[in-house]
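Survey of secondary and tertiary structure
One letter stands for each residue in the lines below.
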Amino acid sequence: MHESKPRLTATDFPAIRRRPLQTLQMNLGYLCNIACTHCHVAAGPKRTELMDRDTIEVAIAFLRAHRIRTLDVTGGSPEMNPHFRDLVRSARAMGVHVMDRCNPTILNEPGYEWVADFLAAQQVEVIASLPCYTEETVDRQRGKSVFQRSITALKTLNGLGYGQPGSGLTLNLVYNPAGPQLPPPQQALEADYRQHLRDEHGIEFNRLFTLANMPIKRFGSILLSKHQFGDYMTLLKNAYRPDNLADVMCRDLVSVDWRGHVYDCDFNQMLEMPLGAAAEGATHLRDLLDTDLANTPIRVADHCYGCTAGQGSSCGGALSGAA
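Let me sum up the structure you'll find in this document. (Residues numbered from 1 in each chain as written. Predicted model: local features only at pLDDT ≥ 70, side-chain atom pairs only at ≥ 80, totals over all residues. Heavy atoms only, no water.)

1. Examining the packing of helix α1 (residues 53–66) against helix α2 (residues 84–93)
Packing of α1 against α2 leaves a shortest axis separation of 10 Å and a crossing angle of 15 degrees. It follows from the interaxial angle that α1 and α2 lie roughly parallel. For the element pair α1 and α2, the recorded crossing hand is right-handed. Counted together, Arg 53, Ile 56, Ile 60 and Leu 63 of α1 and Asp 86, Leu 87, Ser 90 and Ala 91 of α2 form the full contact between these two elements. Along the lines of polarity and charge, the residues of the contact of α1 with α2 split into five nonpolar, one polar and two charged. (Axes fitted to C-alpha atoms, helices over the stretch in contact; angles between N-to-C directions. Helix = DSSP H or I, 4+ residues; strand = E, 2+ residues; numbered from the N terminus. Parallel < 35°, antiparallel > 145°, perpendicular 65-115°, else oblique. Left-handed = near helix turned anticlockwise from the far one by under 90°. Contact = heavy atoms within 4.5 Å. Nonpolar A, V, L, I, M, F, W, Y, C, P; charged D, E, K, R; others polar.)

So, in structure tokens, the structure goes:
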């Protein structure tokens, strides 16, 4: 794999600082049942990195100590971590809102048939990756038959009430461009998704999040191998909008890797760029149980232009500051 980090660290991206912490994002490991070309984590079936029980317990203590409002669980396929259910149950017992960044094919993977019912019982918000509403594009990015398996999974979630009015069960979808382009306007694309998925498959959902592809890990390597990295970075920088800085996810979120090390965001985690508040080196979550991170610096590099280009891009889709 070609490493893009050396091309990103020298940056003119503006300095930004934290607001009070609201969200703990946890990457439970890089194990996934599929391997997508746009994956900034380079997750896949052969990865073995998984968060252990001790780190899960530290995270539960951190949620309590900082009165965190939202637990954002990701991977890989986070459900493949053997401690996933205990973490979710503990967070929900504290009244924490839980979001599961779900690769929907996990719902029909042998041994994981429990996932859909568990998520519904715990009232977990599901954020399901579906990078397009056409079979050809999805299978090209994610692998043969992934689209049909995803459709089957989304129907299962709909059957449990997800995406249905008044159910209280939220189903959001995630779109990524197929290549080195910015996402189209989120609102218009959401309308296209809604009409196509409803008419063709009878599927309902709450919102569509459009995410820019980050020039790191697997996608960054592909750009480098195709000699497209420089052009993509030029695209991101030319589309930079300073008003997006107010709403980037790192302002009120910290990201934790499978070892318990803390970063300013999931993308910094993949680049092994330590928390901006740290003097140097990795900081473990256990060392922050009594630390107020508000107004501390956020570590930035050129990939941050991916979150601030055009309509903006974050874990919650297009940014409110981008009209």
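2. Thoughts on α1
The end-to-end C-alpha distance of α1, which contains 14 residues, comes to 20 Å, matching closely the 20 Å that a straight helix rising 1.5 Å per residue would cover. Burial in α1 covers these residues: Thr 55, Ile 56, Val 58, Ala 59, Ile 60, Phe 62 and Leu 63. At its buried positions, α1 is contacted by β1 (23–27), β2 (70–74) and α2. With a side-chain oxygen positioned 3.4 Å from the backbone nitrogen of Asp 54, the residue opening α1 is Asp 52. Positive phi shows up at Arg 67, right after α1, with a value of about 50 degrees. (Expected span 1.5 Å × (residues − 1). Buried < 20%, exposed > 50% of the residue type's maximum accessible area, 1.4 Å probe, protein only. Polar contact = N/O pair within 3.5 Å; in protein donor to acceptor, adjacent residues only side chain to side chain.)

3. Some words on the environment of Val 126
Locating Val 126 in the fold gives a position in strand β4 (residues 125–129). A relative accessible area of 0% places Val 126 in the buried class. For the pair formed by Val 126 and Asn 172, sequence separation is 46 residues and the distance between their alpha carbons is 6.2 Å. Once you skip the residues sitting within four places of it in the chain, Val 126 turns out to touch Asp 100, Cys 102, Leu 119, Leu 157, Tyr 162, Thr 170, Leu 171 and Asn 172.

4. Digging into unusual backbone geometry
Glycine aside, the phi torsion of most residues is negative, and most peptide linkages are trans. Cis geometry marks the peptide bond from Gly 75 to Gly 76; its omega dihedral reads 20 degrees. Within the secondary structure, Gly 76 sits in the loop between β2 and α2. For Lys 217, which is not glycine, the phi dihedral falls at a positive 45 degrees. Assignment of secondary structure puts Lys 217 in helix α7 (residues 217–225).

5. Re the environment of Lys 5
Along the chain, the position of Lys 5 falls in the segment before β1. Since its relative accessible area comes to 26%, Lys 5 is described here as partly exposed. Linking Lys 5 and Arg 67, residues 62 residues apart in sequence, is a C-alpha distance of 34 Å. Side-chain polar atoms of Lys 5 contact the backbone oxygen of Leu 271, separated by 2.8 Å.

6. Side note on the pattern of salt bridges
According to the stated counting rule, one finds 13 salt bridges in the structure shown. Arg 18 serves as the salt-bridge partner of Asp 264, at 3.0 Å between the closest nitrogen and oxygen. Of this pair, Asp 264 sits in the loop between β8 (262–263) and α9 (266–270) while Arg 18 sits in the segment before β1, placing them 246 residues apart in sequence. Linking Arg 198 and Glu 204 is a salt bridge whose minimum nitrogen-to-oxygen distance equals 2.9 Å. Three or more residues are tied together by salt bridges with common partners; here these are Arg 53, Glu 57, Asp 86 and Arg 89. (Salt bridge = Lys/Arg side-chain N within 4 Å of Asp/Glu carboxyl O.)

7. Regarding the layout of surface pockets
If a probe the size of a water molecule is rolled over the atoms, the empty space left behind becomes visible. Approximately 450 Å³ is the volume found for the largest pocket. Lining the largest pocket are 24 residues; nearest its centre among them are Met 249, Asp 252, Ser 314, Cys 315 and Gly 316. Counting only elements with at least two residues in the lining of the largest pocket, the list comes to β2, β3 (97–102), β4 and β6 (207–210). Looking at the lining of the largest pocket, its residues break down into nine nonpolar, seven polar and eight charged. (1 Å grid on protein atoms, 1.4 Å probe; cavity = no way out; pocket = protein on both sides within 12 Å on 5 of 7 lines; lining within 4 Å. Points joined across faces, edges and corners; volume = space filled by probe spheres on them.)

8. Focus: helix α6 (residues 186–201)
When the terminal C-alpha atoms of α6 are compared, their 21 Å separation across 16 residues agrees well with the 22 Å that a helix rising 1.5 Å per residue should span. Among all positions of α6, only Gln 186, Leu 189, Glu 190, Tyr 193, Arg 194, Leu 197 and His 201 are buried. The arc that holds the buried residues of α6, viewed along the axis, is 140 degrees, so those residues lie on one side. For α6, exposure combined with an orientation more than 90 degrees from the buried face picks out Gln 187 and Asp 199. Buried-residue contacts for α6 involve α5 (146–159), β5 (171–175) and β6. (Arc of directions from axis to C-beta.)

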